[in-house]
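So the chains spell out like this:
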Amino acid sequence: MNTRRYIRERFFPHLWCPGCGHGIVMSALVGAVDSLGLSQNEVVVISGIGCSSRMPGYLDFHTMHTLHGRALAFATGVKMGRPDLTVIVPMGDGDAAAIGGNHLIHAARRNLDLTAVVLNNRIYGMTGGQSSPTTPEGDRSTTAPYGVLDPSFDLVELARGAGASFVARSTTYHAQETRELLAAAIAHQGFSLVEVLSQCPTYYGRKNQGGDAVAMMKTFKQITAPAGSQRAAQDPGLITRGILVQEPRTEYCAAYGELVRELSGHEE
Amino acid sequence: MPKETIFAQGNEAVVQGALYAGLDFYAGYPITPSTEIAEILAQRLPQAGGRFIQMEDELASLCAVIGASLTGLKAMTATSGPGFSLMQEALGYAVMAEVPCVVVNVQRGGPSTGMPTAVAQGDVMQARWGTHGDHAIIALTASNLADVFLMTVEAFNLAETYRTPVILLLDEVVGHMREKLVIPGPGEVEVVQRLRTSVPEGTDYHPYLAREDGRLPMSDFGGVHRFNVTGLVHDMWGFPSNDPAVAYGLLHHLVDKLENRAETLARYQDFFCDDAEVLLISYGSAARSALHLVEQRRARGMKIGLLELNTLWPFPAQTVRKYCRGRGHVLVVEMNRGQLHGEVQKAAEQPERVYLANRYDGVFISHKDIMQVLHVVLGKGV
Ligand SMILES: Cc1ncc(C[n+]2csc(CCOP(=O)(O)OP(=O)(O)O)c2C)c(N)n1
Ligand code: SF4
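Reading the values: rules and limits
Residues numbered from 1 in each chain as written. Chains lettered and ligands numbered in written order. Predicted model: local features only at pLDDT ≥ 70, side-chain atom pairs only at ≥ 80, totals over all residues. Heavy atoms only, no water. Helix = DSSP H or I, 4+ residues; strand = E, 2+ residues; numbered from the N terminus. Buried < 20%, exposed > 50% of the residue type's maximum accessible area, 1.4 Å probe, protein only. Contact = heavy atoms within 4.5 Å. Areas by Shrake-Rupley, 256 points an atom, 1.4 Å probe, with all protein chains shown as cover. Buried area = accessible area lost by both parts, 1.4 Å probe. Salt bridge = Lys/Arg side-chain N within 4 Å of Asp/Glu carboxyl O. Polar contact = N/O pair within 3.5 Å; in protein donor to acceptor, adjacent residues only side chain to side chain. Nonpolar A, V, L, I, M, F, W, Y, C, P; charged D, E, K, R; others polar. Pairing = 2+ DSSP bridges. Phe/Tyr/Trp six-rings, centres within 6.5 Å; stacked < 30°, edge-to-face > 60°. Lys NZ or Arg CZ within 6 Å of the ring centre and 35° of its normal. Near = heavy atom within 4 Å. Axes fitted to C-alpha atoms, helices over the stretch in contact; angles between N-to-C directions. Domains from an automatic or database assignment.

Asker: Give a description of the overall build of chain A that names residues and reports values.
Answerer: For chain A, the count of helices and strands is eleven helices and eight strands. Counting only C-alpha atoms and orienting by the principal axes, one finds that chain A spans roughly 60 × 45 × 35 Å. Buried residues in chain A amount to 60% of all 268 residues. Look at the contacts in chain A between residues 6 or more apart in sequence, and 68% of them connect residues 24 or more apart. Of the accessible surface of chain A, which amounts to about 10,500 Å², a share of 53% is contributed by carbon and sulfur atoms.

This is the structure we're talking about:
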């Protein structure tokens, strides 16, 4: 694969810290798009605000960097405007689950054909290491100097509960798997969410003695297991990876297009 | 030749104007007194091959509208009071990213939940300054259904021409009142289409590089040009920049493209102004009562006139200054605590002659209310 053709080198160097996991996810995403043989003109990448949300600027697709938490709402308009386009929405965990939680559950419920990619580093990277709704209970952040008191969200369960028709999880340690899951999510007709555990050595790692980027990635290997594997069955404390929800369901734009055809005789 | 004559509500006139202008996409969230706009469009848009979606809140609605506009569609949302407050962050994004769209605010009593079914014009300054940071904005208003229709078309036209969000600032009385509406036939009212780039495929297209005439041709998402859109300060590529010169240039461009054209963008009507010693200045439904008073007093020989503003922002200061010149008294008529009154005072050469007749208790201001203030102003007692 020629990765460079998908990258806007003009805008490099990127702003991510050395060792940040977000670049690994970006490269997996580019690989997924490439494996599907999509033309760059058919792909729109829309993000919110955060370190993770800087991704679209570096990618040579139609790209949009929007408001903190609101990427899925912008994406809804783009997708309804051009249902034929592939719309991918990279988000941070704060972006997706805190300020944008409402948009996330409604996008999942509507089953609009969007691919949400949550780069979950369990912290607010961009603003310097505050707690996020996915910071594990007891972990430290600049706004939880004594440890986080509230339980964290399980994004997969949140998306499942909201009606997402495709949900998957992987980590930056499992880059190849991430690429395959992203490709499957993009190919899925309907709302898909892929959670990728991504390391923020600068804040999460430092605050929680997580070690450097390599150590953090190794931890991802240790604390996760493929769904349905023996390891997962033996240790329910492990975080499962792979495709966790996959159910065909009527896609919103398809249903709306059908309505327009019935009422107006217009072809979408 | 007019297409048809209907008996309609102000909110329906918005829908008619929007469809005439070529509305393709609507996203919204219900709120009184603007809800009918969403309800009617939910029915009409799919019939016309367009798209309607009820979003989870008003902020999401405007975000969806901006997204749809970037795919090349004419897009709109409508709201009132608290919903307009929620939209402010996305409104600033549309300003910064220069995305054409129309935001209707049918004003109701505020602040907060205020008086949902009562009339007010308390969002004039919010329309101007509601979103953070230095910026410019276009806000239009109207007092009758024919003008609601025309100003709605105009809102779309100006949004496309200047690549900006345009606010249509109506009020509860105008939104809910019913009167005859003559819908113009095709071609009778100008409809501006989006200016698209002529840069061919394979050649660099700069989404934020102004032409010599100041306009920025667009390219649709999904088209042959791929570019970045952001709410950060950005360069001509749409890529974030921290360069002070870029920031300075962008802010100048965003403000100047509208403020320097304030008089070109000024839409207004005058009634009996030529020899008027007393000038009323009003807008929206309040202008109906102002006109009523002017007609009544003229019949009794009083030299009184009305300047009705349809463009509130950018404020047409030169036009207002010219109209105020030489009058004995100027009376601003509005339903708030004097939000436009201050602007008129700033514009007028003799601000001490600019008075305010207002109501802000949810009751529609009547010609009698205005007359009472006029009596005091003219030194005739109450
Ligand atoms: C309305 C609003 N509130 C707060 C912020 C400040 N802010 C920017 S990014 C961010 C959180 C980033 O964390 P996350 O979404 O997890 O992404 P990451 O940077 O970790 O990739 C916050 C709070 C903002 N830009 N807008
Ligand atoms: S602060 Fe954290 S998330 Fe942000 S770029 Fe640095 S390592 Fe990555």
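Asker: Account for the interface of chain B and chain A, naming residues and giving values.
Answerer: Contact with chain B, which involves 44 residues of that partner, is made by 40 residues of chain A. Across the interface of chain B and chain A, roughly 3,500 Å² is buried in total on both sides, 60% from carbon and sulfur atoms. Counting the contacts that link chain B with chain A gives three salt bridges. A salt bridge links B:Asp204 to A:Arg10, with the nearest nitrogen and oxygen atoms 3.9 Å apart. Applying the counting criterion to the chain B and chain A interface returns 16 residue pairs in polar contact (both at pLDDT 80 or more). Among the secondary structure elements, those contributing two or more residues to the side of chain B that touches chain A are helix H2 (35–47), strand E3 (51–54), helix H3 (58–70), helix H4 (81–97) and strand E9 (228–230) of chain B. For the side of chain B that touches chain A, the element with the most residues is H3(B), which contributes eight residues. Of the residues contributing to the side of chain B that touches chain A, the split by class is 24 nonpolar, twelve polar and eight charged. Examined bridge by bridge, strand E2 (residues 62–65) of chain A and E9(B) share three bridges and lie parallel to one another.

Asker: A description of the packing of aromatic side chains should follow, citing residues and the corresponding values.
Answerer: Counted according to the given criterion, the structure contains 13 aromatic pairs over all chains. Where A:Trp16 meets A:Tyr58, the ring centres are 5.4 Å apart and the plane angle is 75 degrees; that geometry is what we call edge-to-face. In this pair, A:Trp16 sits in the segment before helix H1 (22–35) while A:Tyr58 sits in helix H2 (residues 55–58), placing the two residues 42 residues apart along the sequence. Relative accessible area serves as the criterion here: at 3%, A:Tyr58 is assigned to the buried category. A centroid spacing of 6.3 Å and a plane angle of 55 degrees characterise the contact between B:Trp313 and B:Phe315, whose relative ring orientation is tilted. Given the relative accessible area of 8%, B:Phe315 is considered buried. Joined through ring pairs, the aromatic side chains of A:Phe11, A:Phe12, A:Trp16, A:Tyr58 and B:Phe239 make up one cluster. The positively charged end of A:Arg10 is found above the aromatic ring belonging to B:Trp237, 3.6 Å away from the centroid. Sitting above the plane of the B:Trp129 ring, B:Arg128 keeps its charged end 3.8 Å from the centroid.

Asker: Please give an account of the pairing of strand E1 (residues 43–47) of chain A that cites residues and values.
Answerer: Every other side chain in a regular strand lies on the same face of the sheet, so the side chains alternate between the two faces. Within E1(A), five of the five residues are buried, leaving the element largely enclosed by the surrounding structure. Across the two faces of E1(A) the burial is the same, with A:Val43, A:Val45 and A:Ser47 and A:Val44 and A:Ile46 all buried.

Asker: So what about the site of ligand 1? Which residues, and what values?
Answerer: Residue and element names in this part refer to chain A. Lining the immediate surroundings of ligand 1 are 18 residues, of which Cys51, Ser52, Gly94, Asp95 and Gly125 lie closest. One of the backbone N or O atoms of aspartate 95 is found 2.8 Å from an oxygen atom in ligand 1. Isolated, ligand 1 exposes 590 Å² of accessible area, and the fraction of that covered by the protein chains is 77%. For the shell around ligand 1, the leading source of residues is helix H4 (residues 93–99), giving four residues. Residue composition of the shell around ligand 1, grouped by class: six nonpolar, nine polar and three charged.

Asker: Residues and numbers for the sheet that holds strand E5 (residues 101–107) of chain B, please.
Answerer: Taken together, seven strands build an open sheet; the order of strands is E3-E2-E4-E5-E7-E6-E13 (chain B) and the sheet is mixed. Because the sheet does not close on itself, it has two edges, and the strands there are E3 and strand E13 (311–313) of chain B. In this sheet, neighbouring strand axes are inclined to one another by 20 degrees on average, regardless of whether the strands run parallel or antiparallel. As paired elements, strand E4 (residues 75–79) of chain B and E5(B) share four bridges and run parallel to each other. Bridged to B:Ala78 within E5(B) is B:Val104. Packed on one face of the sheet, helix H3 (residues 71–81) of chain A meets strand E2 (25–28) and E3 of chain B and runs near 155 degrees to E3(B).

Asker: Give a description of the sheet that holds strand E12 (residues 304–309) of chain B that names residues and reports values.
Answerer: Residue and element names in this part refer to chain B. Judged by pairing direction, the sheet is mixed, and its five strands sit side by side in the order E10-E12-E11-E14-E15 without closing on themselves. Here the strands that pair on one side only, and so sit at the sheet edges, are strand E10 (268–271) and strand E15 (354–358). Across this sheet, the average inter-strand angle for adjacent strands is 20 degrees, counted without regard to direction.

Asker: Residues and numbers for the pattern of salt bridges, please.
Answerer: The final tally for this structure, using the stated rule, is 26 salt bridges over all chains. With a closest N to O distance of 2.9 Å, A:Glu9 and A:Arg4 form a salt bridge. Each of A:Arg8, A:Asp60 and B:Arg226 takes part in a single network of salt bridges with overlapping partners.

Asker: So what about the site of ligand 2? Which residues, and what values?
Answerer: All names here are of chain A. In the vicinity of ligand 2, the residues found are Trp16, Cys17, Cys20, His22, Cys51, Asn121, Gly125, Cys200, Pro201, Thr202 and Tyr203. Per-element accounting of the shell around ligand 2 gives the leading share, three residues, to helix H8 (residues 201–207). When its residues are assigned to classes, the shell around ligand 2 shows seven nonpolar, four polar and no charged.

Asker: Could you give an account of the domain arrangement of chain B, with specific residues and numbers?
Answerer: All names here are of chain B. Domain parsing of chain B yields domain 1 (4–183) and domain 2 (270–378). Taking only C-alpha atoms, the centre of domain 1 and the centre of domain 2 are 26 Å apart. Every contact between the two is made by 27 residues of domain 1 and, on the other side, 23 residues of domain 2. In total, domain 1 and domain 2 occlude about 1,900 Å² of area from one another, counting both sides; carbon and sulfur atoms represent 58% of this. Area buried by domain 1 at its contact with domain 2 is led by Gln121, Val124 and Thr141, which between them contribute 31% of it. Between domain 1 and domain 2 we count one salt bridge in total. Inspection of the region where domain 1 meets domain 2 yields 14 residue pairs in polar contact (both at pLDDT 80 or more).

Asker: I'd like to hear about unusual backbone geometry, residue by residue, with values.
Answerer: Note on backbone geometry: most residues besides glycine have negative phi, and most peptide bonds are trans. Residues and elements named next belong to chain B. Residues glycine 110 and proline 111 are joined by a peptide bond in cis, for which omega reads 0 degrees. With an omega dihedral of -5 degrees, the bond running from tryptophan 313 to proline 314 counts as a cis peptide bond. Note on placement: proline 314 falls in the loop between E13 and helix H10 (317–324). Backbone geometry at phenylalanine 272 places phi at a positive 55 degrees, although glycine is not the residue there. Inspection of the secondary structure puts phenylalanine 272 in the loop between E10 and strand E11 (278–282).

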